[in-house]
Amino acid sequence: GNSVTQMEGPVTLSEEAFLTINCTYTATGYPSLFWYVQYPGEGLQLLLKATKADDKGSNKGFEATYRKETTSFHLEKGSVQVSDSAVYFCALSDRATGNQFYFGTGTSLTVIP
Amino acid sequence: DGGITQSPKYLFRKEGQNVTLSCEQNLNHDAMYWYRQDPGQGLRLIYYSQIVNDFQKGDIAEGYSVSREKKESFPLTVTSAQKNPTAFYLCASSTARGHNEQFFGPGTRLTVL
């Protein structure tokens, strides 16, 4: 079946530190992969996506590369800011299962000045 | 501006009462979804609809009901049969084709008193 596994949080970093949030997946078909961000009390916003192997998604300084060989889609940012404090969700969408979404449990990030 | 609206933002209900959460989108999306989010947890799919007048149960449909009479609207009713309804409810929509990222509303926080 389909599933997404994210590193557990919470993660606390100092401003300008390097961020990595690990995400691995299992899928029956050829999934698209996504990272969403959720700020307190709000809905989820799409951060970036990748639709095939070796694609790199990027947005607002965040990057993630679709690695089929390791079934991974790790989120990275070179220098985090206080405003990046949020919960980050990794997700996949698999056409083999009718484009249903499968979300990870989320990783809470707090960036301190 | 196109987007998804959910109302109300906060909702309080007495035990034994049914309550309906509103979700409207003007993105012309075919598919709509309802998720439940509990503190510190990921998203769990309640119901989804890929076309008007059709919907399917998700992973936790018991105690909930939906309708899809119009393309832009997908209301969720939390019935008295739902044993633990206090949660944050998120509505989302997507196109039915392609690499279909889901777009989320701002959420409704339901509290049972």
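Every chain begins its residue count from 1, and numbering advances along the sequence as written. Chain labels run from A onward and ligand labels from 1 onward, assigned in the order the entries are written. It should be noted that, the model being predicted, local features are given only for residues of pLDDT at least 70 and side-chain atom pairs only at 80 or more, the latter also being counted only at that level, while totals for whole chains, interfaces and linings use all residues. Each side-chain value is worked out from all heavy atoms of the structure, with water and hydrogens disregarded.

A. Region of the structure containing the overall build of chain A. In this text, helices come from DSSP runs of H or I with a minimum length of four residues, and strands from runs of E with a minimum of two, each type numbered from the N-terminal end. Counting its secondary structure elements, chain A contains 0 helices and 12 strands. Counting from the amino terminus, helix and strand elements in chain A follow one another as β-β-β-β-β-β-β-β-β-β-β-β. What the globule rule says is 2.2 Å times the number of residues to the power 0.38, and the radius of gyration is computed from C-alpha atoms. At 14 Å, chain A has a C-alpha radius of gyration in line with the 13 Å of a compact globule built from 113 residues. When its C-alpha atoms are laid out on the principal axes, chain A stretches across 45 × 30 × 20 Å. Here the accessible surface of atoms and residues is derived via Shrake-Rupley with a 1.4 Å probe, and residues count as covered only by protein chains that are part of the display. Surface accessibility of chain A: about 5200 Å² in total, with carbon and sulfur atoms responsible for 50%. Taken as two groups, the 8 positive and 11 negative side-chain charges of chain A have centres that lie 9 Å from each other. His residues and chain termini do not enter the charge count, which takes Lys and Arg as positive and Asp and Glu as negative. To locate a charge, take atom NZ for lysine, CZ for arginine, CG for aspartate or CD for glutamate.

B. Layout of the pairing of strand β1 (residues 3-6) of chain A. All names here are of chain A. Burial along β1 is one-sided: Val4 and Gln6 are buried, while Ser3 and Thr5, pointing the other way, are not. With 4 bridges joining them, β1 and strand β4 (residues 23-26) adopt antiparallel strand pairing. Counterpart to Ser3 in the pairing with β4 is Thr26. Buried residues are those whose accessible area, probed at 1.4 Å on protein chains only, stays under 20% of the maximum for their type, while exposed residues exceed 50% and partly exposed ones sit between those limits. Only strands that DSSP links by at least two bridges are regarded as paired with each other.

C. The pairing of strand β5 (residues 43-51) of chain B, seen in detail. Residues and elements named next belong to chain B. In this structure, strand β4 (residues 31-37) lies alongside β5, joined through 6 bridges in antiparallel fashion. By the bridge assignment for β5, Tyr33 is matched with Tyr48. Note: β5 against strand β6 (residues 54-57), 3 bridges, orientation antiparallel. For Ile51, the partnering residue across the bridge sits in β6 and is Asp54. Counting the residues in the hairpin turn of β5 and β6 gives 2 residues, including Asn53, whose phi is positive at 65°.

D. Structural view of the confidence of the model for chain B. Here pLDDT means the predictor's own confidence in every residue, given as a number from 0 to 100. Per-residue confidence for chain B averages 92 on the pLDDT scale, and 96% of its residues sit at or above 70. Here strand β2 (residues 10-13) of chain B stands out as the element of chain B with the lowest mean pLDDT, 92, in contrast to strand β7 (residues 64-66) of chain B, whose mean of 97 is the highest.

E. Layout of the side chain of Ser93 of chain B. Residue and element names in this part refer to chain B. Relative to the assigned elements, Ser93 resides in strand β9 (residues 87-94). Residue Ser93 is classed as buried on the basis of its relative accessible area, which comes to 0%. As used in this structure description, the phrase polar contact means that two N or O atoms lie within 3.5 Å; if the pair is within protein, one of them must be able to donate a hydrogen and the other to accept it, and residues adjacent in sequence are counted only when both atoms belong to side chains. Of the polar contacts made by the side chain of Ser93, one reaches the side chain of His29; its length is 2.8 Å. In this analysis, two residues are considered to be in contact whenever any of their non-hydrogen atoms come within 4.5 Å of each other. Ignoring anything within four residues of it in the chain, the contact list for Ser93 reads Ile4, Gln25, Leu27, His29, Ala31, Met32, Tyr33, Glu101, Gln102 and Phe103.

F. Structural view of the state of the cysteines. In this description, a disulfide is simply a cysteine sulfur pair whose atoms lie within 2.5 Å. A full pass over the atoms with the stated rule returns 2 disulfides over all chains. Through a disulfide, Cys23 of chain A is tied to Cys90 of chain A; the S-S separation comes to 2.0 Å. Disulfide Cys23 of chain A to Cys90 of chain A: torsion about the S-S bond roughly -70°, handedness left-handed. Linking Cys23 of chain A in strand β4 with Cys90 of chain A in strand β10 (residues 86-94), this pair joins segments that are 67 residues apart in sequence. The same class applies to Cys23 of chain A as to Cys90 of chain A, namely buried. Here Cys23 of chain B pairs with Cys91 of chain B through a disulfide, and the sulfurs are 1.9 Å apart.

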